[in-house]
Amino acid sequence: MKTERSQQLFSEAQQVIPGGVNSPVRAFRSVGGQPRFIARAKGSRLYDVDGNSYIDYVLSWGPMILGHAPATVIKAIQQAAANGTSYGAPTELEIQLAMMIREALPSMEQVRLVSSGTEAVMSAIRLARAYTKRDGILKFEGCYHGHSDYLLAKAGSGLTTLGIPDCPGVPEDFTKHTLTAPYNNVQALEQLIKRHDRQLACVIVEPIAGNMGVVPPSPEFLQALRKLTDAHGMLLIFDEVISGFRVQYGGAQTLYGITPDLTILGKIIGGGLPVGAYGGAKDIMKMIAPSGPVYQAGTLSGNPLAVTAGIETLKRLKKPGIYEQLEQRSAALADGLGNAAKQAGVPLTQTRVGSMMGAFFTPGPVVDWGSAKKSDTKVYAKFFHQMLDAGFYFAPSQFEAAFMSLAHTPRDIESTIKAAHNAFKSF
Ligand SMILES: *Cc1c(COP(=O)(O)O)cnc(C)c1O
């Protein structure tokens, strides 16, 4: 595969952009090698600057659930652009998207639109702290909630330890209110919450973890979260930036029947343009400015192009049979990859909720960050590069999800499975 142009661009990029990329995982650091520069994308495929094409299972890290450049969305964006790209004043489009979100996730009685998932999470945490008049927050090891200071705290040193910042530039003072607990561990959660009774404003969780690979919740885990947060006067925040409109139209909260107090959305609701959202019960959301004292604002919030892309994407997702098709295709891919690994004697632990797919190179089981970390990342890197060179684009990291879109055909999936057979055979 010819990659000269990508290599040349990468060395140019490194002169003017830190590490050559505008978001770290794009740089292929954990799998080695150099990133491919993308020229365009259509349907299930990415096309790079050297003229290579790839069947894409990253899908811009989740948003492109319809596939790339879907005709209806692109047309709507073009029409919206012709009417001006930003007004700094309210539009009817924003009401429409907020109502579509509320209809899909009834727990989001009121919705505030922002421009990224990071921004939405940060704002929701501020709101939870204001509402409960408490400072502490609890997150789970291996869950990602954007790059705001106090959420970069990971665990590492046990249940009762306060989060230690492992990112330079984040003062310890900022993370001293962040507790971390292992995912799927009800006992640890109970102990931690009891120990910090009346100090914690909220628990924030990815109801299906998608940033340590895919780790589904145990049924008891989400139920315990709801019960414990209620009992201790804390808010439960579901970060559904990935799972919202991905595993079902109503997200993980509908799939599992657990109602959070606040929900974060992003990725899919922007249809490939920058959007985030947070929302919840009116009683809580009314504290946000200008109806309340909790300040949060944004020059491009509710941007007409981004909101249009979101509305058109959701319209398509609302049609019957969509999630069944995603489920079928995802199951076919996962089964095929699983069989290929088995035949080659490669230990692979697969996880999947609908079109969120994980595959860990470890005998498993994988239930939290500790067990996910046991995956052999060198073997993953080998798999990644063999697939990439054969024209299949998986995430350049073991600890990310693979996604299916509506544009992936049974033929795409067959050829992916065949390539995986070849890759595993050479291990
Ligand atoms: C991607 C992601 C975010 C951050 O969203 P950005 O738009 O990248 O800021 C937050 N939470 C989860 C669960 C995510 O996957």
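Not measured: the values here are computed from a predicted model. (Residues numbered from 1 in each chain as written. Predicted model: local features only at pLDDT ≥ 70, side-chain atom pairs only at ≥ 80, totals over all residues. Heavy atoms only, no water.)

Undergrad: Is there a simple way to think about the overall build of the protein chain in this case?
TA: Within the protein chain, the secondary structure is distributed over 14 helices and 14 strands. A globule of 427 residues ought to have a C-alpha radius of gyration of about 22 Å, and the protein chain, at 21 Å, matches this closely. With the C-alpha coordinates aligned to their principal axes, the bounding extent of the protein chain is approximately 55 × 55 × 45 Å. Relative to its 427 residues, the protein chain shows a buried fraction of 56%. A separation threshold of at least 6 residues defines the contact pool for the protein chain, and within that pool the share at least 24 residues apart is 72%. Surface summary for the protein chain: the accessible area is close to 18500 Å², and the carbon and sulfur share equals 53%. (Helix = DSSP H or I, 4+ residues; strand = E, 2+ residues; numbered from the N terminus. Rg over C-alpha atoms; globule rule 2.2 N^0.38 Å. Buried < 20%, exposed > 50% of the residue type's maximum accessible area, 1.4 Å probe, protein only. Contact = heavy atoms within 4.5 Å. Areas by Shrake-Rupley, 256 points an atom, 1.4 Å probe, with all protein chains shown as cover.)

Undergrad: Teacher, can you tell me more about the site of the ligand here?
TA: Taken together, the neighbourhood of the ligand is formed by Ser116, Gly117, Thr118, Tyr144, His145, Gly146, Glu206, Asn211, Asp239, Val241, Ile242 and Lys267. Contact between the ligand and Tyr144: a nitrogen atom at 3.3 Å from a main-chain N or O atom of the residue. Against a free-state accessible area of 380 Å², the protein chains account for coverage of 83% of the ligand. (Near = heavy atom within 4 Å. Polar contact = N/O pair within 3.5 Å; in protein donor to acceptor, adjacent residues only side chain to side chain.)

Undergrad: When you look at the domain arrangement of the protein chain in this model, what are you seeing that I'm missing?
TA: A common way to state how big an interface is: give the accessible area lost once the parts meet. Split into domains, the protein chain comes out as domain 1 (4-69 + 320-425) and domain 2 (71-317). Each of domain 1 and domain 2 has a C-alpha centre, and these two points are 25 Å apart. Facing 30 residues of domain 1, the contacting portion of domain 2 comprises 33 residues. Contact between domain 1 and domain 2 buries roughly 2500 Å² in total, counting both sides, with carbon and sulfur atoms accounting for 67%. Taken together, the connections running from domain 1 to domain 2 amount to 0 salt bridges. The interface formed by domain 1 and domain 2 contains 8 residue pairs in polar contact (both at pLDDT 80 or more). Among the secondary structure elements, those contributing two or more residues to the side of domain 1 that touches domain 2 are helix 11 (322-344), strand 11 (349-353), strand 12 (356-360) and helix 12 (369-372). (Domains from an automatic or database assignment. Buried area = accessible area lost by both parts, 1.4 Å probe. Salt bridge = Lys/Arg side-chain N within 4 Å of Asp/Glu carboxyl O.)

Undergrad: Please clarify how the sheet that holds strand 10 (residues 276-280) should be interpreted in this entry.
TA: Hydrogen bonds along the backbone pair up the strands of a sheet, which may run parallel or antiparallel. A sheet is described by the order of its strands in space; here 7 strands give the open sequence 4-10-9-8-7-5-6, paired in mixed fashion. One side of each edge strand has no neighbouring strand; the edge strands of this open sheet are strand 4 (110-114) and strand 6 (178-181). With strand direction ignored, the average angle separating the axes of adjacent strands in the sheet is 20°. Sheet strands in contact with helix 3 (residues 92-104) are strand 4, strand 9 (262-265) and strand 10, and its direction is about 125° off that of strand 4. Lying on the sheet, helix 7 (residues 219-231) is in contact with strand 5 (136-140), strand 7 (200-205) and strand 8 (235-239); it crosses strand 8 at an angle near 145°. (Pairing = 2+ DSSP bridges. Axes fitted to C-alpha atoms, helices over the stretch in contact; angles between N-to-C directions.)

Undergrad: Explanation requested: the pattern of salt bridges in the structure shown.
TA: In a structure, side chains of opposite charge can pair up when their charged atoms sit close to one another. According to the stated counting rule, one finds 10 salt bridges in the structure shown. Between Arg36 and Asp389 there is a salt bridge, with its nearest N and O atoms 3.6 Å apart. In this pair, Arg36 is assigned in the loop between helix 1 (4-16) and strand 1 (38-42) and Asp389 in helix 13 (residues 377-389), connecting sequence segments 353 residues apart. A relative accessible area of 44% places Asp389 in the partly exposed class. The residue Lys315 makes a salt bridge to Glu312 at a minimum N-O spacing of 3.1 Å.

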